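Now for the letters of each chain:
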Amino acid sequence: MKLVTAAQMQDIERRVDAEGLALSALMQLAGAAVADASVERSPHSPILVLVGPGNNGGDGLVAARRLAERGRNVFVYAFRRSKVKLDGTEFCSTDDDAGSEMLSRWVRQCDVIVDALLGVGQTRPMEGVLGNIITCVNTQRNPESFVLAVDVPTGVDADTGRLLGDAIRADTTVCMGFLKPGLVTYPGAGYSGYVELDELGIPRFVADDILALYPEDADIAARLPAREIESNKGTYGRVLVVGGSVNYAGAPSLVTLGAYRAGAGLVEVLTPDEVQRTVANHVLECIFAPGARPQRQLGPDCMRSMAEASEHARAAVFGPGMNQTDETRDLTQSFLDTRRRTGTHPPAVVDADALNNLSTLGDWWEGQQDLVLTPHPGEMGRLIGSPVSEIQKDRLDVALRAASRWGQVVILKGAGT
């Protein structure tokens, strides 16, 4: 699925309008989707619809009207929106509810609460009246109630997933048109509940220029090649794992197991002598690269062995459990220099201490191809010189900028990798 920012969604709406699908028609479709989702959650109980001043509030009003037409008992509570006449509904504005007594009563009374306050355009902290609405919904809703957010829960930045102070905790979010990054990036993902996507009939081609994708399980499964009956381990390629030290003996074992479980035919491990025994005890089917190996940690003296093993590998993993010393930094530099000089080495995942070693090497990415870097936030912070707190504010943007600068695949690990 495409990941679309707030600005990109606004541009898409303009393009869709130019194609003849009016925004008013999209609002009707969005409101109908919200009404249907509300009825599914609670077929008979009263429903509270919170509406704000923009298009998101308009979606909420359409939903309220459709629910009333179905004979549902509907309450509309408005923030910065003029009073509207909807047959079959009760209306209250924040201007007429200074003590929030009506809001509290309706929140406790209703089994479904629809959050249509702000949507994707929110950027300011949730303070004052708006903050009070959020607190009331989160703390006073009855235990059996269901909160449904329209597009994005109020208080969640649609682009980054960061919280704008407090945010409404939704059980389900009905996302309109395209998936928003804040719904799959934490902490926003933790406030969004189950995310349902309603495409609203928007043609897919209007998002062809958007590169950010969110793969579902089925997308990943479709990438796995079929296993032929008439085949053997040589059919499925060899992975070279370079890593491990006496202090981190488990890392190469885990990587080797992961490579086999992902479908590799053969895994060859280059690791110190003392670590080799640990790996062999955990992964019976792997083989070990011959040649010079130090006892406790890898260093430049195993470069020849690594180069020879690389000639037979279809992919490599470099760095897990390697340790950070002068010797492993020299080995990392040799790894990069050899790839830069020959240009014939296999694609490689660069992980763990290899990433920490990269952070000490200037312009390490120059002349490199086919690397997949897998930093967690701390490692990414060392690579780009930023504190973890800054990285976590906008994880998608950090990963995109790093990938663009280095010209490599970047996987920023964490909740919402």
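Residues numbered from 1 in each chain as written. Predicted model: local features only at pLDDT ≥ 70, side-chain atom pairs only at ≥ 80, totals over all residues. Heavy atoms only, no water.

J.: I'm lost on helix α15 (residues 395-406) in this one. Help?
T.: One full turn of an α-helix is made of 3.6 residues, so residues set three or four places apart face in the same direction. Here α15 spans 17 Å end to end across 12 residues, near enough to the 16 Å set by a 1.5 Å rise per residue. Residues of α15 that are buried: Arg395, Val398, Ala399, Ala402 and Trp406. All buried residues of α15 lie within an arc of 95 degrees about the axis, which places them on one face of the element. At its buried positions, α15 is contacted by β13 (371-373), α13 (377-384), α14 (388-393) and β14 (409-410). Gly407 sits one or two positions beyond α15 and adopts a positive phi of about 70 degrees. (Helix = DSSP H or I, 4+ residues; strand = E, 2+ residues; numbered from the N terminus. Expected span 1.5 Å × (residues − 1). Buried < 20%, exposed > 50% of the residue type's maximum accessible area, 1.4 Å probe, protein only. Arc of directions from axis to C-beta. Contact = heavy atoms within 4.5 Å.)

J.: Explanation requested: the packing of helix α8 (residues 250-262) against helix α9 (residues 273-282) in the structure shown.
T.: Any two packed helices are characterised by the angle at which their axes cross and by the distance between the axes. With their axes 9 Å apart at the nearest point, α8 and α9 run at an angle of 35 degrees to one another. Remark: the crossing between α8 and α9 carries right-handed chirality. Touching Pro252, Ser253 and Leu257 of α8 are Val275, Thr278, Val279 and His282, all from α9. Among the residues forming the contact of α8 with α9, the class breakdown is four nonpolar, three polar and no charged. (Axes fitted to C-alpha atoms, helices over the stretch in contact; angles between N-to-C directions. Left-handed = near helix turned anticlockwise from the far one by under 90°. Nonpolar A, V, L, I, M, F, W, Y, C, P; charged D, E, K, R; others polar.)

J.: Before we go on, may I ask you to explain the sheet that holds β13 in this structure?
T.: In a beta sheet, neighbouring strands pair by backbone hydrogen bonds and run either parallel or antiparallel. Across the sheet, which stays open at both edges, the seven strands sit in the order β10-β9-β8-β11-β12-β13-β14 with parallel pairing between neighbours. Every other strand in the sheet has two partners, leaving β10 (287-288) and β14 as the edge strands with one partner each. For strand β11 (residues 315-318) and strand β12 (residues 348-350), the ladder comprises three bridges, and the chain directions are parallel. The residue of β12 that forms the bridge with Phe318 is Val350. Where helix α10 (residues 303-310) meets the sheet, its contacts fall on β8 (238-242), β9 (266-270) and β11, and the angle it forms with β8 comes to roughly 165 degrees. (Pairing = 2+ DSSP bridges.)

J.: Hey, could you run me through the packing of aromatic side chains in this one?
T.: Both the distance between ring centres and the angle between the ring planes are used here to describe each pair of aromatic rings. Following the criterion strictly, the structure yields five aromatic pairs and no others. Ring plane angle 5 degrees and centroid distance 4.0 Å describe the contact between Phe318 and Phe335, whose orientation is recorded as stacked. Here Phe335 lies in helix α11 (residues 326-342) and Phe318 lies in strand β11, a separation of 17 residues in the sequence. Judged by relative accessible area, Phe335 falls into the buried class, the value being 7%. On the numbers, 5.5 Å between centres and 90 degrees between planes, the contact of Trp364 with Trp365 is edge-to-face. For the pair Trp364 and Trp365, a shared accessibility class is recorded, and that class is buried. A connected cluster of aromatic rings, assembled from ring pairs, spans Phe75, Tyr77 and Trp106. One Lys or Arg, Arg169, reaches over the ring of Tyr191 and ends 4.0 Å from the middle of that ring. (Phe/Tyr/Trp six-rings, centres within 6.5 Å; stacked < 30°, edge-to-face > 60°. Lys NZ or Arg CZ within 6 Å of the ring centre and 35° of its normal.)

J.: What should I look at first to understand helix α3 (residues 55-69) in this one?
T.: Its 15 residues give α3 an end-to-end C-alpha distance of 21 Å, which sits within 8% of 21 Å, the value for a rise of 1.5 Å per residue. Considered for burial, the residues of α3 that qualify are Asn56, Gly57, Gly58, Asp59, Gly60, Leu61, Val62, Ala63, Ala64, Leu67 and Ala68. Taken together, the buried residues of α3 touch α2 (23-41), β1 (47-51), β2 (74-78), β3 (89-93), β4 (112-116) and β5 (146-150). Gly71 sits one or two residues past α3 and shows a positive phi near 90 degrees.

J.: Help me understand the pattern of salt bridges in this model?
T.: Where charged atoms from two side chains of opposite charge approach closely, those side chains can pair. A full pass over the atoms with the stated rule returns 19 salt bridges. Across the pair Arg15 and Asp209 runs a salt bridge, and its minimum N-O distance is 3.8 Å. Taken together, the residues Arg15 in helix α1 (residues 6-18) and Asp209 in the loop between β7 (194-198) and α7 (217-223) connect sequence positions 194 residues apart. Residue classification places Arg15 among the partly exposed residues on the basis of a relative accessible area of 29%. According to the relative accessible area criterion, Asp209 is exposed, its value standing at 52%. Here Arg329 makes a salt bridge to Asp326, at a shortest N to O gap of 2.7 Å. Highlighted residues: Arg329 and Asp326, both in helix α11, separated by three residues, approximately one helical turn. What you see here is one network of salt bridges that share partners, running through Asp11, Arg14, Arg15 and Asp209. (Salt bridge = Lys/Arg side-chain N within 4 Å of Asp/Glu carboxyl O.)

J.: Looking at this model, I keep getting lost on the nonpolar core. Mind explaining?
T.: Across soluble globular proteins, nonpolar side chains have a tendency to be buried as a group. Within the largest apolar cluster, 36 residues are counted, with the highest numbers of intra-cluster contacts made by Ile12, Met176, Phe178 and Ile202. Going through the elements one at a time, α1, α2, β1, α3, β2, β4, β5 and β6 (172-176) are the ones with two or more residues in this core. Of the residues forming this core, the biggest block, six residues, is contributed by α2. Aside from chain neighbours lying at most four places away, what touches Ile202 is Met9, Ile12, Val16, Leu26, Gly177 and Phe178. With 35 residues, the next largest nonpolar core counts Leu298, Leu331, Val350 and Leu361 among its residues. (Core = buried A, V, L, I, M, F, W, Y, C linked by side-chain atoms within 4.5 Å.)

J.: Quick question: what am I supposed to make of the sheet that holds β7 here?
T.: Read across the open sheet, the seven strands follow the order β3-β2-β1-β4-β5-β6-β7; overall the sheet is parallel. Here the strands that pair on one side only, and so sit at the sheet edges, are β3 and β7. Strand after strand, the sheet turns through a mean of 20 degrees between neighbouring axes, direction not considered. For β4 and β5, the ladder comprises four bridges, and the chain directions are parallel. The residue of β5 that forms the bridge with Val112 is Phe146.

J.: Sorry if this is basic, but what is going on with the environment of Val150 here?
T.: By the element assignment, Val150 lies in strand β5. Assessed through its relative accessible area of 0%, Val150 is described here as buried. Separated by 56 residues in the primary sequence, Val150 and Thr94 have C-alpha atoms spaced 20 Å apart. The contacts of Val150, once residues within four sequence positions are left out, are Val34, Asn56, Asp59, Val114, Asp115, Ala116, Gly119, Val174 and Met176.

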